Amino acid sequence: RFRGSASDNIKRGSSPLISTFRDVASHLRWSVELGEGHSGAAIYAGKVYVLDYDETKRADLLRCFSLTSGKELWRRGYDIVVKRNHGMSRTVPAVTDKFVLTIGPRGHVMCVERTTGRFLWGLDIATTYQSEIPLWYTGQCPLIVGDTAIIATGGKALLVGVDCHTGKVLWETPNPDNWKMSHASVMPYTYKGVRMYVYSAVGGVAGVVADGPEAGRVLWQTALWNKSVVAPSAVCMPDGKVFLTAGYGAGSLLLQLTKDNGTWKVESLGSFKPGEALSSEQQTPILLDGHLLGVMPKDARSLRNQLVCVKADNPAEVVWSSGPESRFGLGPYMLADDKLFLLNDDATLYIIKKSLKGYHELDKIALFEGHDAWAPLAVADGYMVLRDSKTMICLDLNQR
């Protein structure tokens, strides 16, 4: 799923991965053309699942490929007219042993049987919940916890929980202030022994009870964070801090959650303008040992487009930056095998040493003449699946 099994964009127990590249041909396992978009792949049990839009058929398609060969095994879709708007599909499927769950660009949810692609149920978010699909279409990646689909709808409800077996709505979170769906995804979080879902909506941010008889109830919420375009998801920390960021001049905000006699409270630890602290336009920063890693947006003044490491409890305290000679775009990054893999907009892949002391670039390679390579990376069994706006490739990064 989006950001991996722990929702933190860190691949643990990874196979030993390369630290330097040979040449593209040595690593390229397979390549496939997709419809224009930024939807990332999810990998599960040797299969690659990706949501694609076929302009010729005018259909959202969930496509399943073999991880090692790239052979397409099956596809399942539905008819929908989507006009190009800086791409179409832009979400990562959620995959379990039983189910694959997708959200299409116009807010259509589809749940299928994982091994066969057999259709189980669907949900039209905009129609059912009278919600507004965000500018540039749906960017929220769905979540499955147990056998429950977690979807942020906006409109008549803030979040809903749906039984993946039947499509029955199990609970709905009230939305009296009519917060709207953002591009951010719902993040599972456990704090003070309480499991919750944290969602950064357009209108504010909230924590919602994840399970039990009160599932769906709002634990806490605040409108201190109210931005018109929110793509990065909330970064939830073990000590109750929640880091929020967005682009287009939004900057960032650090919150502190506390629980006093059963009552949850939210306070601001600092609101920061672009350039004052870590911020991000599209990707969600990585939390690593009390630090945050991320690429600064273009409005971050002298640090614009640099990879930075900041203190998690004070995102204005920059520990190191990649420097003016190493600037990046809106592309994704993830940690695997003690290395940071970062994909630039033009499909140049960087390998950077995991470090809290400084920027150490190990190698880089131009994979192809890419454009808008923004989709999240996926790594499993030593293979990496990535894409630009129209091409998805699989790289063999196993250390030999």
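This text goes with the structure placed above it.
Source: prediction; values computed, not measured. (Residues numbered from 1 in each chain as written. Predicted model: local features only at pLDDT ≥ 70, side-chain atom pairs only at ≥ 80, totals over all residues. Heavy atoms only, no water.)

## Notes on the pairing of strand β5 (residues 59–66)
Right, so step 1: The buried fraction of β5 amounts to eight of the eight residues, a majority that puts the element mostly inside the structure.
Right, so step 2: A two-sided burial pattern is seen for β5, the buried positions comprising A59, L61, R63 and F65 on one face and D60, L62, C64 and S66 on the other.
Right, so step 3: Relative to β5, strand β4 (residues 47–54) is paired through eight bridges, and the arrangement is antiparallel. If you follow L51 over to β5, its bridge partner there is L62.
Right, so step 4: Joining the antiparallel neighbours β4 and β5 is a turn of four residues, in which R58 adopts a positive phi near 50 degrees.
Right, so step 5: In the sheet, β5 pairs with strand β6 (residues 72–79) via seven bridges, with the strands oriented antiparallel. Across the sheet, residue L61 finds its bridge partner in β6, namely G77.
Right, so step 6: Where β5 folds back on β6, the antiparallel hairpin that results is connected by five residues, among which G70 adopts a positive phi of roughly 80 degrees. (Buried < 20%, exposed > 50% of the residue type's maximum accessible area, 1.4 Å probe, protein only. Helix = DSSP H or I, 4+ residues; strand = E, 2+ residues; numbered from the N terminus. Pairing = 2+ DSSP bridges.)

## Let's talk about the pattern of salt bridges
Close approach of charged atoms allows side chains of opposite charge to pair.
Right, so step 1: Inspection of every chain in the model, using the stated rule, returns 19 salt bridges.
Right, so step 2: Between R84 and E55 there is a salt bridge; the shortest N-O distance is 2.9 Å. With a gap of 29 residues between them, R84 in the loop between β6 and β7 (94–95) and E55 in the loop between β4 and β5 connect regions that are remote in the sequence.
Right, so step 3: Taking the relative accessible area as the measure of exposure, R84 reaches 48% and is therefore partly exposed.
Right, so step 4: With a shortest N-O distance of 3.3 Å, E214 and R217 are connected by a salt bridge.
Right, so step 5: Accessibility expressed as a relative area gives 44% for E214, which makes it partly exposed.
Right, so step 6: One network of salt bridges, with partners in common, ties together D52, R63, E72 and R75. (Salt bridge = Lys/Arg side-chain N within 4 Å of Asp/Glu carboxyl O.)

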